[in-house]
Amino acid sequence: MKNNNVVLIGFMGCGKTSIGKNLANTLELNFIDVDQYIENKMDRTIPEIFSKKGEQYFREVEKKAIETISEESGYIIATGGGAILNFENINNLKKNGTIIYLKAEIDHIYNNIKGDDNRPLLQTDNPYDTIKVLLTERENMYEKAADIIIDVTNRTIVDIVNCISNNLKEEL
Ligand code: S3P
């Protein structure tokens, strides 16, 4: 692999954490989830951080977390879906990592997140429409940031992990 870390980006519910854990096992690398890191560090859940301090504060904390994690080597890094909103995050992650965009269609995302109350941005009257709006806003940013784009819609984790491993071998 050209770089030391593999960074997973993509919309909420595309499977970054579950795919990341499986990929880490397969490639025998360490796994870190940026949201989990933030929750441990702050001793608060993501919904608590959003409700007590607001989104802007969360983005600052997220930026610092990514700055720190980007210094590591040998990690599969699962980012939060909004990590691409700040170009500094991508610059930091790119310094030492290959960026993989897990691209998913809206229905796939909706099926994965419906009924889940852990995503503050999707606690709206119509989460499907909210996903549509956010995905439209972000799609270009994910694609621009990515070294590799993997379509994950309606595919198994094993299939996706094999596909990522093969793509990474080609990066050698
Ligand atoms: C967010 C995605 C979430 C979490 C926060 C904001 C976003 O992470 O960081 O709720 O802006 O897309 P997941 O993508 O892991 O759900």
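Placed above this text is the structure.
Rules and cut-offs
Residues numbered from 1 in each chain as written. Predicted model: local features only at pLDDT ≥ 70, side-chain atom pairs only at ≥ 80, totals over all residues. Heavy atoms only, no water. Helix = DSSP H or I, 4+ residues; strand = E, 2+ residues; numbered from the N terminus. Core = buried A, V, L, I, M, F, W, Y, C linked by side-chain atoms within 4.5 Å. Buried < 20%, exposed > 50% of the residue type's maximum accessible area, 1.4 Å probe, protein only. Contact = heavy atoms within 4.5 Å. Near = heavy atom within 4 Å. Polar contact = N/O pair within 3.5 Å; in protein donor to acceptor, adjacent residues only side chain to side chain. Areas by Shrake-Rupley, 256 points an atom, 1.4 Å probe, with all protein chains shown as cover. 1 Å grid on protein atoms, 1.4 Å probe; cavity = no way out; pocket = protein on both sides within 12 Å on 5 of 7 lines; lining within 4 Å. Sits in = over half its atoms within 2 Å of the grid points. Salt bridge = Lys/Arg side-chain N within 4 Å of Asp/Glu carboxyl O. Disulfide = S-S within 2.5 Å. Phe/Tyr/Trp six-rings, centres within 6.5 Å; stacked < 30°, edge-to-face > 60°.

Engineer: With reference to specific residues and values, describe unusual backbone geometry.
Structural biologist: With phi around 55°, glutamate 28 is a residue other than glycine that occupies positive phi space. Along the chain, glutamate 28 turns up in the loop between helix 1 (16-27) and strand 2 (30-33). A positive phi is found at asparagine 154, a non-glycine position, where the angle reads about 55°. Position of asparagine 154 relative to the elements: it lies in the loop between strand 5 (148-151) and helix 8 (157-170).

Engineer: So what about the nonpolar core? Which residues, and what values?
Structural biologist: Of all hydrophobic cores here, the largest spans 50 residues; its most connected members are Ile100, Leu102 and Ile164. Not counting residues up to four positions away in its chain, the partners in contact with isoleucine 164 are Ile19, Leu23, Ile100, Leu102 and Ile150.

Engineer: Describe the site of the ligand, listing the residues and the values that go with them.
Structural biologist: Not every one of the 14 residues close to the ligand is listed here, only the nearest: Lys16, Asp35, Arg59, Arg119 and Arg138. Arginine 138 places a polar side-chain atom, nitrogen or oxygen, 2.7 Å from an oxygen atom of the ligand. When isolated, the ligand has an accessible area of 390 Å², and the protein chains bury 95% of it. At a threshold of 2 Å from the grid points, most atoms of the ligand map onto the largest pocket.

Engineer: Describe in detail the pattern of salt bridges, supporting the description with residues and values.
Structural biologist: Evaluated as defined, the whole model comprises eight salt bridges. For glutamate 139, the salt bridge is made with lysine 103, and the minimal N-O distance between the two is 3.4 Å. One end of the pair, glutamate 139, is in helix 7 (residues 127-145); the other, lysine 103, is in strand 4 (residues 97-103), and 36 residues separate them in sequence. The exposure class of glutamate 139 is partly exposed, given its relative accessible area of 22%.

Engineer: So what's going on with the state of the cysteines? Residues and values would help.
Structural biologist: The full count for this structure, using the stated rule, is zero disulfides. The cysteine cysteine 163 is free of any disulfide, with cysteine 14 supplying the nearest cysteine sulfur at 14 Å.

Engineer: Lay out the packing of aromatic side chains in plain terms, naming residues and giving numbers.
Structural biologist: The final tally for this structure, using the stated rule, is three aromatic pairs. An angle of 15° between the planes, with centres 5.0 Å apart, marks the rings of tyrosine 101 and tyrosine 142 as stacked. A residue pair is termed long-range when its members are at least 10 positions apart, and tyrosine 101 in strand 4 and tyrosine 142 in helix 7 qualify at 41 residues. For the pair tyrosine 101 and tyrosine 142, a shared accessibility class is recorded, and that class is buried. Judged by centre distance (5.3 Å) and plane angle (75°), the rings of tyrosine 110 and tyrosine 128 are edge-to-face.

Engineer: Describe the side chain of lysine 63, with residues and values.
Structural biologist: Tracing the sequence through the fold places lysine 63 in helix 4 (residues 55-69). In contact with lysine 63, other than residues within four places in its own chain, are Asn86, Glu88 and Asn89.

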